Amino acid sequence: MKLHFQRNSLLLLTILFVFYSCAKQDNFSEKIHPAFDIDQQELEQLISTLPRYQQYTILQRPQVFLELVKQVLELPASYTILVDKNHGLDMNYVPSRLVSLDNYPEILTFKPNMQLSADVIPALLALIEAAKQDGIELLVSSAYRSFSYQEDLFNYWSAQANASEVEHESAIPGHSQHQLGTTIDFAPVDPVFAETKAYAWLQQHAADFGFSLSYPEHSKDFTGYTFESWHWRFIHPSTTAIQKNFFDNSQQCCLAFFHIYADYLRELMLQNTQRYE
């Protein structure tokens, strides 16, 4: 009788141990990505404000999405900071490590003394090299602009036309992506650029080097700007990948997402790290 009781107790303990182990494994497997303390239901809630087709795309490939999110969160803030009609930069904001494009003979410029962030130069050189191999010549027309430069430029164009019309074509001071030192206008700065081989090539290849078209065609309703085929911002290949695959290839939508959720997602990464230390 005693032996029978011991056997039954041992069997019960074994069943409880197996059950606990399975429950623990199931709980761990609920976490979608090893870097984030987030499960499927929490991810669905996180993206619930996005358009339904974007939600669907993300939920079809949550691992890929979160891996790209992780990569983007590890980038310098200047690559993904949202600068648009409603979100601006301080008048004293100046990018660190500005360098003159005159130092790089491979970079053809419209005028001397233009500058960009040093972090963008390797990608720009690679972009220009690849374009050249395909018979495409890229000419830089505009790069970094200070707050005061943008102020003078905006005032000049405002004097030529109605201010409300100008705001769809020129950023008010503090709201120009050029102040970041990561944005380029390719020549010619004119609607005709959209008809060039250079634009067609950029459409196909620029994302591979981390460059994104800021104001695409038919996007005025949510960017606030008319189509600017010449205006390209460096946001890094990881960001262009998540933009292309999960945000309908819209820079505005992609960067708005990170503007809203980046801090929360970093907190989820931190919680996950602390959980398994």
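This text gives an overview of the structure that appears in the document. (Residues numbered from 1 in each chain as written. Predicted model: local features only at pLDDT ≥ 70, side-chain atom pairs only at ≥ 80, totals over all residues. Heavy atoms only, no water.)

1. Regarding the side chain of Arg-233
With respect to the helices and strands, Arg-233 occurs in strand β7 (residues 231–234). At 8.7 Å, Asp-84 is the nearest oppositely charged side chain to Arg-233, a buried residue that forms no salt bridge. Only 3.1 Å separates the side chain of Arg-233 from the backbone oxygen of Ser-78, close enough to count as a polar contact. Looking at Arg-233, its side chain comes within polar contact range of the main-chain oxygen of Tyr-79, at 3.3 Å. (Helix = DSSP H or I, 4+ residues; strand = E, 2+ residues; numbered from the N terminus. Buried < 20%, exposed > 50% of the residue type's maximum accessible area, 1.4 Å probe, protein only. Lys, Arg positive; Asp, Glu negative; His and termini not counted. Salt bridge = Lys/Arg side-chain N within 4 Å of Asp/Glu carboxyl O. Polar contact = N/O pair within 3.5 Å; in protein donor to acceptor, adjacent residues only side chain to side chain.)

2. Quick notes on the packing of aromatic side chains
The geometry of two aromatic rings is summed up by the distance between their centres and the angle between their planes. Inspection of the entire model under this criterion finds 13 aromatic pairs. An angle of 75 degrees between the planes, with centres 5.1 Å apart, marks the rings of Tyr-156 and Trp-157 as edge-to-face. The class for Trp-157 is partly exposed, based on a relative accessible area of 43%. Each ring, one from Phe-257 and one from Phe-258, has its centre 5.4 Å from the other, and the planes form 85 degrees; the classification is edge-to-face. Assigned by exposure class, Phe-257 and Phe-258 land together as buried. Here a set of aromatic residues connected by ring pairs shows up, and it is made of Phe-65, Phe-246, Phe-247, Phe-257, Phe-258 and Tyr-261. Above the ring of Tyr-225, the side-chain terminus of Lys-85 is found at 4.0 Å from the ring centroid. (Phe/Tyr/Trp six-rings, centres within 6.5 Å; stacked < 30°, edge-to-face > 60°. Lys NZ or Arg CZ within 6 Å of the ring centre and 35° of its normal.)

3. Describing the sheet that holds strand β5 (residues 183–186)
Read across the sheet, five strands follow the order β2-β4-β5-β7-β6 without closing on themselves; strand pairing throughout is mixed. Looking at strand neighbours, the two that pair on one side only are β2 (108–109) and β6 (211–213), the edges of this open sheet. Pairing geometry for β6 and β7, over three bridges, is antiparallel. The partner of Leu-213 across the bridge, within β7, is Trp-232. (Pairing = 2+ DSSP bridges.)

4. With respect to the pattern of salt bridges
A complete count under the given rule lists five salt bridges for this structure. One salt bridge connects Glu-74 with Lys-70, and the closest N-O pair in it is separated by 3.1 Å. Classification of Glu-74 by relative accessible area gives exposed; the value is 52%. Given a relative accessible area of 21%, Lys-70 falls into the partly exposed group.

5. A word on the packing of helix α4 (residues 62–73) against helix α11 (residues 237–246)
With their axes 9 Å apart at the nearest point, α4 and α11 run at an angle of 150 degrees to one another. Of the two elements, α4 crosses α11, and the hand of that crossing is left-handed. Residues Val-64, Phe-65, Leu-68, Val-69, Gln-71 and Val-72 of α4 touch α11, and the partners they reach there are Ser-238, Thr-239, Ala-241, Ile-242 and Phe-246. Looking at the contact of α4 with α11, its residues break down into eight nonpolar, three polar and no charged. (Axes fitted to C-alpha atoms, helices over the stretch in contact; angles between N-to-C directions. Left-handed = near helix turned anticlockwise from the far one by under 90°. Contact = heavy atoms within 4.5 Å. Nonpolar A, V, L, I, M, F, W, Y, C, P; charged D, E, K, R; others polar.)

6. Some remarks on helix α6 (residues 121–133)
In this model, α6 (13 residues) spans 18 Å end to end at C-alpha, consistent with the 18 Å of a helix rising 1.5 Å per residue. The complete set of buried residues in α6 reads Ile-121, Ala-123, Leu-124, Leu-127, Ile-128, Ala-130 and Ala-131. Buried residues belonging to α6 abut β1 (98–100), β3 (115–117), β5, α9 (197–205), β6 and β7. Looking one or two places after α6, you find Gly-135, whose phi comes out positive at around 80 degrees. (Expected span 1.5 Å × (residues − 1).)

7. Some thoughts on the side chain of Gln-179
Position of Gln-179 among the secondary structure elements: in the loop between α8 (163–166) and β5. Within polar-contact distance, the side chain of Gln-179 engages the backbone oxygen of Tyr-93 at 3.2 Å. Those residues in contact with Gln-179 that lie beyond four places of it in its chain are Leu-89, Asp-90, Met-91, Tyr-93, Pro-95, Tyr-144, Arg-145, Phe-147 and Gly-174.

8. Focus on the pairing of strand β4 (residues 139–142)
As defined by bridge partners, β2 adjoins β4 across two bridges and the pair is classed as parallel. Each bridged residue has a counterpart across the sheet, and for Thr-109 the counterpart in β4 is Val-140. Strand direction decides the pairing type here: β4 and β5, joined by two bridges, are antiparallel. Opposite Ser-142, over in β5, you have Asp-185 as the bridge partner.

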